[in-house]
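Overview (structure and organization)
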Amino acid sequence: MEFFTISMLNGLSYGLLLFLLSSGLTLIFSMMGVLNFAHASFYMLGAYAGYTVSQLVGFWPALVLAPIVVGVLGSLFERLCLRKVHKFGHVPELLVTFGLSFVILEIVQLVWGRTAVPFTPPPVLQGPAFTLVQHSVDGLSLVWGAAPAGMCQAADAAVRVVCSPFPATRGFMMLVAVLMLVAVWLLLTRTRIGLVIQAALTHPEAVESLGHNVPRVFMLVFGAGAGLAGLAGVIGGSTFVTEPAMAATVGSIIFVVVVVGGMGSLSGAFLASILIGVVQTFAVAMDGSLLGLLRSLGMEPGPAASSNALVTLTVSQVAPILPYLFLVLILIFRPKGLLGSREG
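Every chain is numbered independently, its residues counted from 1 as its sequence is written. Where totals are concerned, whole chains, interfaces and linings use all residues; where local detail is concerned, this predicted model gives features only for residues with pLDDT of at least 70, and gives and counts side-chain atom pairs only at 80 or more. By convention in this description, side-chain values take in all heavy atoms of the structure and omit both hydrogens and water.

Here a strand is any run of E in DSSP of at least two residues, a helix any run of H or I of at least four, and the numbering for each starts at the N terminus. For the protein chain, the helix and strand inventory stands at 15 helices and three strands. Projected onto its principal axes, the C-alpha coordinates of the protein chain cover approximately 75 × 50 × 45 Å. Each residue is placed in one exposure class: buried if its accessible area under a 1.4 Å probe, protein chains only, is under 20% of its type's maximum, exposed if it is over 50%, and partly exposed if it falls in between. Out of the 344 residues in the protein chain, the part that is buried amounts to 47%. Contacts are residue-level and defined by heavy atoms, with any inter-residue pair within 4.5 Å sufficient. The long-range share in the protein chain, meaning contacts at least 24 apart out of those at least 6 apart in sequence, stands at 76%. The Shrake-Rupley method, run with a 1.4 Å probe sphere, supplies the accessible areas, and residue values consider only the shown protein chains as cover. A total accessible area of about 17100 Å² is found for the protein chain, and carbon and sulfur atoms account for 70% of it. Distance between charge centres in the protein chain, computed from 14 positive and 12 negative side chains, equals 14 Å. Charge assignment in this entry is limited to Lys and Arg as positive and Asp and Glu as negative, and neither His nor the chain termini are counted. Lysine's charge is taken at NZ, arginine's at CZ, aspartate's at CG and glutamate's at CD.

Next comes the structure, spelled out in structure tokens:
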């Protein structure tokens, strides 16, 4: 029970971080039709901007200012570069965002170096949000914050006590992701701005005839998507590690999330993020293999079979490829994604 609960919470927190990232990419694609290859680089830029601002004024102002800075940079990129190549089709758009990712990587390495920077969360987020205590006599109990030292010590050798703290940073990450999901949904479905944005996608001429500046709307949408990536960068960078390789670490997985959920579907991105986060987290924590399964069934393979690499391969070893296997299956059996509705 303790393993399931902690693994599920870790999976949900990781999935919600993926959603923080993929939501901005989904927003840009659904509103503009642009698949932004530099989206993970904006995530990295948000982490480094958050680190720099936090050194000057603290973490909480950085949580607000860093996404704004990244959003402004994203808007400038759309205005000065992406808009110039938009008329030539999707391939030039992909190439210019692909080139931007390398430019951002080199700038980050020049300014902050090639090693990780010490981006730590504030003191209130450095401890556990709660601690699950698995006691062989009393069962499972929950203690908010850190459990007292005596609670995690067995009275005698026959009593088994396991304390599993859940980091406050992961809890904060989950809270921010849920609030962001609600805010984006309300913005797009319940406000005049959201109606203008959605109308500009399908009927740009009619929106312009009503006096709205469609290119400016697209610029703001791209900036908002980059800002969401920057917000994820501040939270992810302080929770995990802030280094130049962080963009490459999540760059491919967020495209998996967007395709699996359905290109342009915000709800699909949310569902795919949760599924991939939970499945991969549980897989990483499992050490079972085909050899172990055969032995549990009472079958003992021969020496040659026992030394075979495929037979001894554990679930945790194949965990990194599971999202991509899921992607292949989705593209074969449901090319539009789980909740996708748009063609092309």
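Planes of paired rings set the category: under 30 degrees apart is stacked, over 60 is edge-to-face and the rest tilted, where pairs are Phe, Tyr or Trp rings (Trp by its six-membered ring) whose centres lie within 6.5 Å. Applying the stated rule across the entire model yields 13 aromatic pairs. Arranged with centres 6.3 Å apart and planes meeting at 80°, the rings of Phe-42 and Phe-222 form a pair that is edge-to-face. Of this pair, Phe-42 sits in helix α2 (residues 39-57) while Phe-222 sits in helix α8 (residues 214-239); the two residues are 180 residues apart in sequence, bridging distant segments of the chain. Ring plane angle 20° and centroid distance 5.3 Å describe the contact between Phe-130 and Phe-166, whose orientation is recorded as stacked.

It is worth spelling out the environment of Ala-129 at this point. Secondary-structure assignment places Ala-129 in strand β1 (residues 128-135). By relative accessible area, which is 27% here, Ala-129 ends up partly exposed. Along the primary structure Ala-129 and Met-44 are separated by 85 residues, whereas in three dimensions their C-alpha atoms are 26 Å apart.

Tracing the chain through its elements places Thr-97 in helix α4 (residues 90-112). By relative accessible area, Thr-97 is classed as buried at 0%. With near-sequence residues (within four places) excluded, Thr-97 lies in contact with Leu-35, Asn-36, Phe-37, Ala-38, Phe-77 and Leu-82.

Moving on to the pairing of β1. It is a general feature of regular strands that their side chains alternate between the two faces of the sheet. Counting buried residues along β1, six of its eight residues qualify, which places the element largely inside the surrounding structure. When DSSP finds two or more bridges between a pair of strands, those strands are recorded as paired. Sheet topology places β1 next to strand β3 (residues 161-167); seven bridges connect them, and they run antiparallel. Within β3, the residue paired with Gln-134 across the bridge is Val-162. As judged from the six bridges shared by β1 and strand β2 (residues 139-144), these two strands associate in the antiparallel manner. By the bridge assignment for β2, Gln-134 is matched with Leu-140.

This brings us to the nonpolar core. To qualify as a nonpolar core, a set must consist of buried Ala, Val, Leu, Ile, Met, Phe, Trp, Tyr and Cys residues joined through side-chain atoms within 4.5 Å. With 85 residues, the main nonpolar core has Met-32, Phe-42, Tyr-43 and Ile-235 as its most contacted residues. No other element matches helix α1 (residues 2-32), which puts 13 residues into this core. Discounting residues that sit within four places of it in the chain, Ile-235 has contacts with Leu-20, Leu-63, Phe-172, Met-173 and Val-176.

Bringing the environment of Ile-28 into the picture now. As for its placement among the helices and strands, Ile-28 is situated in helix α1. Taking the C-alpha atoms as reference, Ile-28 lies 8.1 Å from Gly-264; in sequence the two are 236 residues apart. Not counting the four nearest positions on each side in its chain, Ile-28 is found in contact with Gly-33, Val-34, Asn-36, His-39, Val-221, Phe-222, Gly-225 and Ala-226.

This brings us to the sheet that holds β2. Strand order in the open sheet formed by three strands is β2-β1-β3, with antiparallel pairing between adjacent strands. The open sheet has two edge strands, β2 and β3, and neither has a second partner. Between one strand and the next, the sheet's axes are offset by a mean angle of 20°, whatever the strand orientation. Interaxial angle, 0 to 180 degrees, is taken between N-to-C directions of lines fitted to C-alpha atoms, where a helix line uses only the stretch in contact. Seen against the sheet, helix α5 (residues 168-190) touches β1 and β3 and runs at an angle of roughly 45° to β3.

It is worth spelling out the side chain of Gln-280 at this point. You can see Gln-280 is positioned in helix α10 (residues 266-284). With near-sequence residues (within four places) excluded, Gln-280 lies in contact with Tyr-14, Ile-253, Ala-319, Pro-320 and Pro-323.

Cavity: a set of points on a 1 Å grid over the protein atoms alone where a 1.4 Å probe fits but cannot get out. Pocket: an open set with protein on both sides within 12 Å along at least five of seven lines, its lining residues, like those of a cavity, having an atom within 4 Å of a point. Grid points are joined across faces, edges and corners, and a volume is the space filled by probe spheres set on the points. Scanning the entire structure with this criterion turns up one cavity of 30 Å³ or more. Approximately 30 Å³ is the volume found for the largest cavity. What lines the largest cavity is Phe-59, Pro-121, Leu-125, Thr-169, Phe-172, Ile-235, Ser-238 and Thr-239.

What follows deals with a nonpolar patch on the surface. On the surface, Leu-56, Val-57, Val-64, Leu-65, Ile-68, Val-69, Val-72, Leu-73, Leu-76 and Leu-80 cluster together into a nonpolar patch covering about 920 Å² of accessible area. Every element with two or more residues in the nonpolar patch is listed here: α2 and α3 (59-85). Considering each element in turn, the nonpolar patch owes the most residues, eight residues, to α3. For Ile-68, the position within the fold is in helix α3. Surface patches are drawn from residues lacking salt bridges whose relative accessible area is over 30%; two like charges belong together within 9 Å, two nonpolar side chains (Val, Leu, Ile, Met, Phe, Trp, Tyr) within 5 Å. In the sections that follow, a salt bridge refers to a side-chain nitrogen of Lys or Arg positioned within 4 Å of a carboxyl oxygen of Asp or Glu.

Moving on, we come to helix α15 (residues 322-333). Residues that lie three or four places apart on an α-helix share one face, since the helix turns once every 3.6 residues. Here the expected span of a helix is defined as 1.5 Å times the quantity of residues minus one. Here α15 contains 12 residues, and its C-alpha end-to-end distance of 16 Å stays within 8% of the 16 Å for a straight helix at 1.5 Å per residue. For α15, the complete set of buried residues consists of Pro-323, Leu-327 and Ile-330. With its buried residues spanning 65° around the axis, α15 presents them on a single face. Exposed and oriented more than 90 degrees from the buried face of α15 are Ile-332 and Phe-333. In this structure, the buried side of α15 is in contact with α9 (246-261) and α10. Taken from the helix axis, the directions to the C-beta atoms give the arc we talk about.

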